[in-house]
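The residues making up each chain are set out below.
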Amino acid sequence: MGQKHKELSVCYNDKIVTYRFGPASAPELVLTETVATIDFLPWPGAGRSVWEEVRFHTGNHTYAVFAGFDRLYGDDADTDQQNRFFGGVTVMRAGETLANLTCHPETTHAPWSGLFDAKTAAGLRWDREAQIWRPTQSPSPPRNGFVPSSCVNNCPLPKTGGCPYSACEKWGAGHKA
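Owing to the predicted nature of the structure, the values given are computational and were not obtained by experimental measurement.

1. Thoughts on the overall build of the chain
Along the chain, the regular secondary structure elements total 2 helices and 10 strands. Element order for the chain, N to C, with α for helix and β for strand: β-β-β-β-β-β-β-β-α-β-β-α. For the chain, the proportion of its 177 residues judged to be buried stands at 40%. Taking as baseline every contact in the chain between residues at least 6 positions apart, the subset at least 24 positions apart corresponds to 48%.

2. A look at unusual backbone geometry
One non-glycine residue, alanine 94, adopts positive backbone phi at about 50°. With respect to the secondary-structure elements, alanine 94 resides in the loop between strand S7 (84-93) and strand S8 (96-102). Judged by relative accessible area, alanine 94 falls into the exposed class, the value being 65%. The backbone phi angle of glutamine 131 is positive, close to 60°, even though this residue is not glycine.

3. Considering the pairing of strand S5 (residues 49-58)
Along any regular strand the residues' side chains alternate between the sheet's two faces. Across 3 bridges, strand S4 (residues 39-41) lies against S5 in antiparallel orientation. Bridging across to S5, aspartate 39 finds its partner in arginine 55. Summarising the sheet, S5 and strand S6 (residues 61-70) pair through 10 bridges and their orientation is antiparallel. Paired with valine 54 across the two strands is valine 65, which belongs to S6. Linking S5 to S6, which pair antiparallel, is a turn of 2 residues; within it glycine 59 sits at a positive phi near 60°.

4. Remarks on the nonpolar core
Residues Val17, Tyr19, Phe56 and Val89 are the most contacted members of the largest nonpolar core, which totals 24 residues. Counting only elements with at least two residues in this core, the list comes to strand S1 (7-12), strand S2 (16-22), S5, S6, S7, helix H1 (113-121) and strand S9 (124-127). Leaving out residues up to four positions away in the same chain, phenylalanine 56 has contacts with Val10, Val17, Thr18, Tyr19, Leu31, Glu33, Ile38, His61, Thr62 and Tyr63.

5. So, the confidence of the model for the chain
With 68% of its residues at a pLDDT of 70 or more, the chain has an overall mean of 74. Low confidence marks residues 138-177, where pLDDT is under 50. Its contacts with residues over four positions away, or in another chain, come to 89 contacts.

6. What about the pattern of salt bridges?
With the rule as written, the count across this model stands at 5 salt bridges. Note that glutamate 53 and arginine 55 form a salt bridge whose closest N and O atoms lie 2.6 Å from each other. Residue class for arginine 55 comes out partly exposed when judged on its relative accessible area of 28%.

7. Observations regarding the sheet that holds S8
Pairing in this open sheet of 5 strands is antiparallel, and the strands run S4-S5-S6-S7-S8 from one edge to the other. Only two strands of the sheet have a single neighbouring strand rather than two, namely S4 and S8. Between one strand and the next, the sheet's axes are offset by a mean angle of 15°, whatever the strand orientation. Alignment of S7 against S8, held across 6 bridges, turns out to be antiparallel. Within the sheet, the bridge partner assigned to valine 91 lies in S8 and is alanine 99.

8. Details of the environment of proline 27
Here proline 27 lies in the loop between S2 and strand S3 (29-34). For proline 27, a relative accessible area of 30% corresponds to the partly exposed category. Placed 19 residues apart in sequence, proline 27 and leucine 8 show a C-alpha to C-alpha distance of 9.0 Å. Each residue touching proline 27, except ones within four places of it in the same chain, is listed here: Arg20, Phe21 and Gly22.

9. What to know about H1
Every buried residue of H1 is listed here: Ser113, Gly114, Leu115, Phe116, Ala118 and Lys119. Close packing links the buried residues of H1 with S1, S2, S4, S5, S9 and strand S10 (132-135). Following H1 by one or two positions, glycine 123 has its phi on the positive side, about 90°.

What counts, and where the lines are drawn
Residues numbered from 1 in each chain as written. Predicted model: local features only at pLDDT ≥ 70, side-chain atom pairs only at ≥ 80, totals over all residues. Heavy atoms only, no water. Helix = DSSP H or I, 4+ residues; strand = E, 2+ residues; numbered from the N terminus. Buried < 20%, exposed > 50% of the residue type's maximum accessible area, 1.4 Å probe, protein only. Contact = heavy atoms within 4.5 Å. Pairing = 2+ DSSP bridges. Core = buried A, V, L, I, M, F, W, Y, C linked by side-chain atoms within 4.5 Å. pLDDT = per-residue confidence, 0-100. Salt bridge = Lys/Arg side-chain N within 4 Å of Asp/Glu carboxyl O. Axes fitted to C-alpha atoms, helices over the stretch in contact; angles between N-to-C directions.

Written out as structure tokens, the structure is:
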């Protein structure tokens, strides 16, 4: 993070998602939402950058945490470069940006692919066409008389490990929300 000794983490289990910001021993802000209601935008599946975003809402404030990595390729398979991680949070009030804080790349772990699976397990599916989460039993709206395969097939992103998935976390893999 741009501020000294501040940490940002997003942790989750099968029921809740927690945002923490501030010193690890005494966070300044802790927000919790259910997996079913969290505003989670998964990677769209295209491009060099693999990223995801989780938005926490409290009153008229929104904390949009983003994390990901750039897939860097050389001219041939033997010259691929190490992925470059990025992450941070955008703080908004009533839609107006108040702050953009960027994580130090070496402290960033991303993304939260398992959150996609947790939302699916909670009975939701990602509608790529509408860019929203829908109840599993809710049919996708037809487009030009047919339902596109991207609306029928729920294609979770590859898993990258276990909880927690965090941007700028230093608490270690054993910490759970």
